[in-house]
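Next come the chains, spelled out residue by residue.
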Amino acid sequence: AFVKKPFKFSVSAFVDKDSYNFFSSENIGFYGTVSKAGDIAVQLDNKDFAKFAVNGSVKNSVLNVDVTDVNVNMKKAMSYFDLDRLFIANNGILTGFVKLRGLASDPDITGDLKLTEPEITYAIISSMNVHAPEAFITIGKSIGLAPVLAAVAVLIGHSKSCFLGF
């Protein structure tokens, strides 16, 4: 199963003539509005391990979306998901922003993220822990998660502060 630690939550939604509105129980802290015209205003703040905002629009299959105020405690967040065969987040705070622009079928993804005091065990590569005071991730095009994880492992294993750009 993908979820390692089951947890209870509730989600409520209502629809009016112009929008879809939803909110979750406080332990999830997910709420927002998506208009029928394609405008998005969504927040997640579970007051424990994750916070971010998603604002923008999706109109005529064109994305103009910003993910801002990202603040994720990687150890706490990853303790809920079973990805241990790939990597284990032993420490680290992820902060920053990501922007999605262009066609939904082939979006341009850009952003700047920072991992503060990351400590990660990459089980898929080796059982060695890699850590650094900080790691910077600059996203400049559409990328998948696997290259980011592999590059971060190499970079934080070889420097006190590192920069990763795509």
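What comes next is a walk through the structure. All values derive from a computational prediction rather than experimental measurement.

**Observations concerning the pairing of strand S8 (residues 108-121)**
Sheet topology places strand S7 (residues 88-103) next to S8; 12 bridges connect them, and they run antiparallel. Residue Leu 100 lies in a different strand from S8, and its bridge partner there is Ile 109. Connecting the antiparallel pair S7 and S8 is a turn made up of 4 residues. As judged from the 6 bridges shared by S8 and strand S10 (residues 134-139), these two strands associate in the antiparallel manner. Residue pairing in the sheet places Leu 113 in a bridge with Ile 137 of S10. Inspection of the sheet shows S8 paired to strand S9 (residues 129-131) by 3 bridges, in the antiparallel sense. Following the sheet pairing, Thr 121 is matched in S9 by Asn 129.

**Structural notes on the packing of aromatic side chains**
Going through the model one piece at a time under the given rule, you end up with 4 aromatic pairs. Seen from their ring centres, Phe 7 and Tyr 80 are 5.5 Å apart, and the 90 degrees between their planes marks the pair as edge-to-face. Of the two residues, Phe 7 sits in the segment before strand S1 (11-15) while Tyr 80 sits in the loop between helix H1 (74-78) and S7, which places them 73 residues apart along the sequence. Of the residues examined, Phe 7 reaches a relative accessible area of 34% and is grouped as partly exposed. The exposure class assigned to Tyr 80 is buried, which follows from its relative accessible area of 18%. Through successive ring pairs, a cluster of aromatic residues spans Phe 7, Phe 9, Phe 49 and Tyr 80.

**Some words on the nonpolar core**
The nonpolar side chains of a soluble globular protein tend to be buried with one another. By size, the foremost hydrophobic cluster in this structure holds 30 residues, and its most contacted members are Val 72, Met 74 and Leu 94. Elements supplying a minimum of two residues to this core: strand S4 (39-45), strand S5 (50-59), strand S6 (62-73), H1, S7, S8 and S10. The biggest single contributor to this core is S6, with 5 residues.

**Things to note about the pairing of S5**
Where S4 meets S5, 7 bridges bridge the pair, whose relative direction is antiparallel. Directly across from Gln 43, in S5, lies its bridge partner Ala 53. Taking the residues between adjacent antiparallel strands as the criterion, S4 and S5 are bridged by 4 residues, where Lys 47 takes a positive phi near 60 degrees. Where S5 lies against S6, 9 bridges are found, and the strand directions are antiparallel. Bridge assignment links Ala 53 to a residue of S6, and that residue is Thr 68. Counted along the chain from S5 to the antiparallel partner S6, the turn is 2 residues long, and its residue Asn 60 has a positive phi close to 50 degrees.

**Some thoughts on the side chain of Asn 46**
Within the secondary structure layout, Asn 46 lies in the loop between S4 and S5. In this structure Asn 46 comes out as buried when scored by relative accessible area, which is 9%. Among the polar contacts listed, one links the side chain of Asn 46 to the backbone nitrogen of Asp 48, at a separation of 2.9 Å. Polar side-chain contacts of Asn 46 include one of 3.2 Å to the backbone nitrogen of Ala 50. Setting aside residues no more than four positions away along its own chain, Asn 46 makes contact with Glu 26, Asn 27, Ile 28 and Gly 29.

Calculation notes
Residues numbered from 1 in each chain as written. Predicted model: local features only at pLDDT ≥ 70, side-chain atom pairs only at ≥ 80, totals over all residues. Heavy atoms only, no water. Pairing = 2+ DSSP bridges. Helix = DSSP H or I, 4+ residues; strand = E, 2+ residues; numbered from the N terminus. Phe/Tyr/Trp six-rings, centres within 6.5 Å; stacked < 30°, edge-to-face > 60°. Buried < 20%, exposed > 50% of the residue type's maximum accessible area, 1.4 Å probe, protein only. Core = buried A, V, L, I, M, F, W, Y, C linked by side-chain atoms within 4.5 Å. Polar contact = N/O pair within 3.5 Å; in protein donor to acceptor, adjacent residues only side chain to side chain. Contact = heavy atoms within 4.5 Å.

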